[in-house]
Amino acid sequence: MMHRQRLTRFSARDFQMAQRSMVSKPRRSFLIVMVFVLMGSIAGANPPATAGTDSPPGEEAPVSADAVPFDPFDDPSGDRYGDEDLMMQAVADPIAGFNRAMFVFNDKLYFWVLKPAAVGYRVVVPTPVRVSVKDFFFNLLGPVRFANCLFQGKWKSAEGEFGRFMVNSTAGFLGLFNIVRDKPQFNPPVEDFGQTLGYYGIGNGFYIVWPLFGPSTLRDTVGSIGDWALNPVSFMQLINVDAGELTSGTTNVIAYSVRVVNDTSFRIGDFESLKNAAMDPYEAFRNAYIQNRLSEIAQ
């Protein structure tokens, strides 16, 4: 009987102790969880600095370039035409087959017709006369350059073009003598309508090689038509001013032929040098043309 009472007492006491331990264990677990939560919140408020960077307190650590995802449409420079190589790549050449055929045609025309004519012309015509012929045609196109200076808002250049045209047309005997050749204020950069279109952001379009006229782009082709319309002789034809033989088609063809042969007589050997130095002459002349136009528009 006493043994049964002890067992009952022991069991009751053990039950109470077990009950207390069961209550205390959740409390200890809850405290442990709260400690970890507080430690995590403190760590989140003060993130560890990135290796290799020392950021002042309160400032965000700089983001590594490797961590930034690559964007193929992102342009770091902000100017897609700021680099000449990119600009040359931007000039499309969708009719390369036609262009290469015309390049071969113009190449044969140069070696078979133009170069022999220019060599013979240079032998017969003295250098001072050839220089005067060149100055005459350059002065004749003065109004074209003057108008394009105005179109681009280049007032100082327009003033220089106008002054040179007036001086050389009078004291220079219709431009046969360039009186102001050594005066910088009367010799601004040469402007044309293709450059004017480029000045206002019109793109090249695509590359094209014309028979007889050589390399160009769609923009420069339109520009050459504008320059032709601004030519004093062509302008008189457009407004139906009859100046006799001066405005006839035959006179225009003869004048253009003389101008081309005369200009070529000063550059014999240039074409051959660039062609012989290039692995692909077609690409070499295309890139040279585009790069030259870029530099002219940038002036």
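Higher on the page you've got the structure.
Residues numbered from 1 in each chain as written. Predicted model: local features only at pLDDT ≥ 70, side-chain atom pairs only at ≥ 80, totals over all residues. Heavy atoms only, no water.

Asks: Please explain helix α4 (residues 127-140) as it appears in this structure.
Replies: Side chains of residues three or four places apart in an α-helix project in the same direction, reflecting 3.6 residues per turn. The end-to-end C-alpha distance of α4 is 20 Å, a good match for the 20 Å that 14 residues give at a rise of 1.5 Å each. Every buried residue belonging to α4 is among R130, S132, V133, D135, F137 and N139, and all of these are buried. (Helix = DSSP H or I, 4+ residues; strand = E, 2+ residues; numbered from the N terminus. Expected span 1.5 Å × (residues − 1). Buried < 20%, exposed > 50% of the residue type's maximum accessible area, 1.4 Å probe, protein only.)

Asks: Explain empty space enclosed by the protein to me, please; I cannot follow it from the model alone.
Replies: The rolling of a water-molecule-sized probe over the atoms marks out the regions of remaining empty space. All told, the structure shown has one cavity of 30 Å³ or more when counted by the stated rule. Empty space within the largest cavity amounts to approximately 40 Å³. As for the largest cavity, its lining consists of D135, F138, N139, R145, R164, N168, G175 and N178. Within the residue set of the lining of the largest cavity, elements represented by two or more residues are α4 and α6 (155-170). When residues in the lining of the largest cavity are grouped by element, the largest group, three residues, is from α4. Here the residues of the lining of the largest cavity are counted per class, giving one nonpolar, four polar and three charged. (1 Å grid on protein atoms, 1.4 Å probe; cavity = no way out; pocket = protein on both sides within 12 Å on 5 of 7 lines; lining within 4 Å. Points joined across faces, edges and corners; volume = space filled by probe spheres on them. Nonpolar A, V, L, I, M, F, W, Y, C, P; charged D, E, K, R; others polar.)

Asks: Looking at this structure, how should I read the nonpolar core?
Replies: General note: in soluble globular proteins, nonpolar side chains tend to be found buried as a group. Grouped together as the largest cluster of nonpolar side chains are twelve residues: V91, M102, F103, Y110, Y207, V209, F271, Y282, F285, Y289, I290 and L294. Those elements that provide at least two residues to this core are α3 (96-124), β1 (207-210) and α12 (281-298). Looking at this core, the element that brings in the most residues is α12, giving five residues. Aside from chain neighbours lying at most four places away, what touches Y289 is Y207, P215, S216, T217 and D220. Counting five residues, the second largest nonpolar core, distinct from the first, contains Y121, V125, V133 and F137. (Core = buried A, V, L, I, M, F, W, Y, C linked by side-chain atoms within 4.5 Å. Contact = heavy atoms within 4.5 Å.)

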